Amino acid sequence: MSNTPPLYNETHQHRDAAPTAYENLLGDSIERGFAQGLHEIEALIDYLNKAGPAGPNSQPWTVETFKAEMARLGA
């Protein structure tokens, strides 16, 4: 039997800094949308435009801006 501890990910282990307030709000809103069964991107975009936060530069979300923002935040 090995004494090696199990491998697991630490919260934010791959981040340079803690999430910003905007990132927390966006993540929370996306989670609420998923919890409501919104799994298609168009439905999630509609939800974000109603519930917030606003998209980049305070503009309404579109599929394109959502994908670009997810890519930026995931980089």
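This write-up is about the structure you can find in this document. Since this is a predicted model, take the numbers as computed values, not measurements.

Each value, and the rule that gives it
Residues numbered from 1 in each chain as written. Predicted model: local features only at pLDDT ≥ 70, side-chain atom pairs only at ≥ 80, totals over all residues. Heavy atoms only, no water. Core = buried A, V, L, I, M, F, W, Y, C linked by side-chain atoms within 4.5 Å. Buried < 20%, exposed > 50% of the residue type's maximum accessible area, 1.4 Å probe, protein only. Helix = DSSP H or I, 4+ residues; strand = E, 2+ residues; numbered from the N terminus. Contact = heavy atoms within 4.5 Å. Axes fitted to C-alpha atoms, helices over the stretch in contact; angles between N-to-C directions. Parallel < 35°, antiparallel > 145°, perpendicular 65-115°, else oblique. Left-handed = near helix turned anticlockwise from the far one by under 90°. Nonpolar A, V, L, I, M, F, W, Y, C, P; charged D, E, K, R; others polar.

On to the nonpolar core. A general trend in soluble globular proteins is that nonpolar side chains are found buried together. Core analysis: the biggest nonpolar cluster contains 7 residues, these being Leu26, Ile30, Leu44, Ile45, Leu48, Trp61 and Phe66. Those elements that place two or more of their residues in this core are α1 (21–35) and α2 (41–51). Element by element, the count of residues in this core is highest for α2, at 3 residues. Excluding residues that lie within four positions of it along the chain, Phe66 makes contacts with Ile30, Ile41, Leu44, Ile45, Leu48 and Trp61.

We now examine the packing of α2 against helix α3 (residues 63–74). For the pair α2 and α3, interaxial distance at closest approach is 10 Å and the crossing angle is 90°. The pairing of α2 with α3 is recorded here as roughly perpendicular in orientation. Of the residues in α3, those in contact with Ile41, Glu42, Leu44, Ile45 and Leu48 of α2 are Val63, Phe66 and Lys67.

To continue, consider the packing of α1 against α2. At a closest axis distance of 10 Å, the pairing of α1 and α2 adopts a crossing angle of 125°. One element, α1, and the other, α2, form an angle in the oblique class. The handedness of the crossing between α1 and α2 comes out as right-handed. Contact with α1, carried on its side by Leu26, Ser29, Ile30, Arg32, Gly33 and Phe34, involves Leu44, Tyr47, Leu48 and Ala51 of α2 and no other residues of that element. Partitioned by chemical class, the residues of the contact of α1 with α2 number 7 nonpolar, 2 polar and 1 charged.

Moving on, we get to unusual backbone geometry. Geometrically, the link from Gly52 to Pro53 is a cis peptide bond, its omega value of 0° lying close to zero. Mapping Pro53 onto the fold places it in the loop between α2 and α3. Within the chain, Asn57 stands out as a residue other than glycine whose phi angle is a positive 60°. Along the chain, Asn57 turns up in the loop between α2 and α3. Take Asn57: its relative accessible area is 72%, and that puts it in the exposed class. In this model, Ser58 sits at a positive phi of 60°, which is unusual for a non-glycine residue. Within the fold, Ser58 resides in the loop between α2 and α3. Under the relative-accessibility criterion, Ser58 is labelled exposed at 63%.

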